[in-house]
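# An overview of the molecular structure
Take a look at the letters that make up each chain.
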Amino acid sequence: MFSHTAQKLDQDTWHQILDQFQDASVLQTIAFCAASSPSSEVEHFLLHRGSELVAAAQVRIIQAPFFCGGLAYVLWGPLWQRRESRRDIGILRH
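Attention in this report is confined to the structure presented alongside it. (Residues numbered from 1 in each chain as written. Predicted model: local features only at pLDDT ≥ 70, side-chain atom pairs only at ≥ 80, totals over all residues. Heavy atoms only, no water.)

## So, the sheet that holds strand β1 (residues 2-7)
- The sheet built from four strands is open, its strands ordered β1-β2-β3-β4 with antiparallel pairing. Edge strands, defined here as strands with exactly one partner in the open sheet, are β1 and β4 (70-74). Going across the sheet, the axis of each strand differs from the next one's by a mean of 25°, ignoring polarity.
- Across the face of the sheet, helix α1 (residues 11-18) comes into contact with β2 (41-49) and β3 (52-63) while running at roughly 130° to β3. (Pairing = 2+ DSSP bridges. Helix = DSSP H or I, 4+ residues; strand = E, 2+ residues; numbered from the N terminus. Axes fitted to C-alpha atoms, helices over the stretch in contact; angles between N-to-C directions. Contact = heavy atoms within 4.5 Å.)

Dropping the structure here:
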């Protein structure tokens, strides 16, 4: 059974998560996001199967002038290929 959370993580916690995935890149770091899109806010989406973290994404949220709220998007993600684990396309689907 899958469950998910969305939360704002600190840089150290997010980097510990990045280290768990072979498809992570520097473009998914908080520092890169802050430098390339300083006006956006960042939240992190985490997908668990039971107690195991199986996927994650850094979500940028920008205020759009013609929308009532903001616009959320994922650049260079999601992370779904855990190190030393078999690829499971079902995780990507979720």
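## A word on the pairing of β3
- Examined bridge by bridge, β2 and β3 share nine bridges and lie antiparallel to one another. From the neighbouring strand, His-44 faces β3, where its bridge partner is Gln-58.
- Summarising the sheet, β3 and β4 pair through five bridges and their orientation is antiparallel. Residue pairing for β4: Ile-61 is matched across the bridge by Ala-72.

## A word on the nonpolar core
- The biggest cluster of nonpolar side chains holds 10 residues, and these are Leu-9, Trp-14, Ile-17, Leu-18, Phe-21, Ile-30, Leu-46, Leu-53, Ala-56 and Leu-79.
- Of all the elements, α1 adds the most residues to this core, at three residues.
- Ignoring sequence-local partners within four residues, the contact set of Ala-56 consists of Trp-14, Ile-17, Phe-21, Phe-45, Leu-46, Pro-78 and Leu-79.
- In this structure, Leu-47, Val-54, Ala-55 and Trp-80 belong to the second largest nonpolar core, which totals five residues. (Core = buried A, V, L, I, M, F, W, Y, C linked by side-chain atoms within 4.5 Å. Buried < 20%, exposed > 50% of the residue type's maximum accessible area, 1.4 Å probe, protein only.)

Any functional reading would require information beyond the geometric quantities listed.
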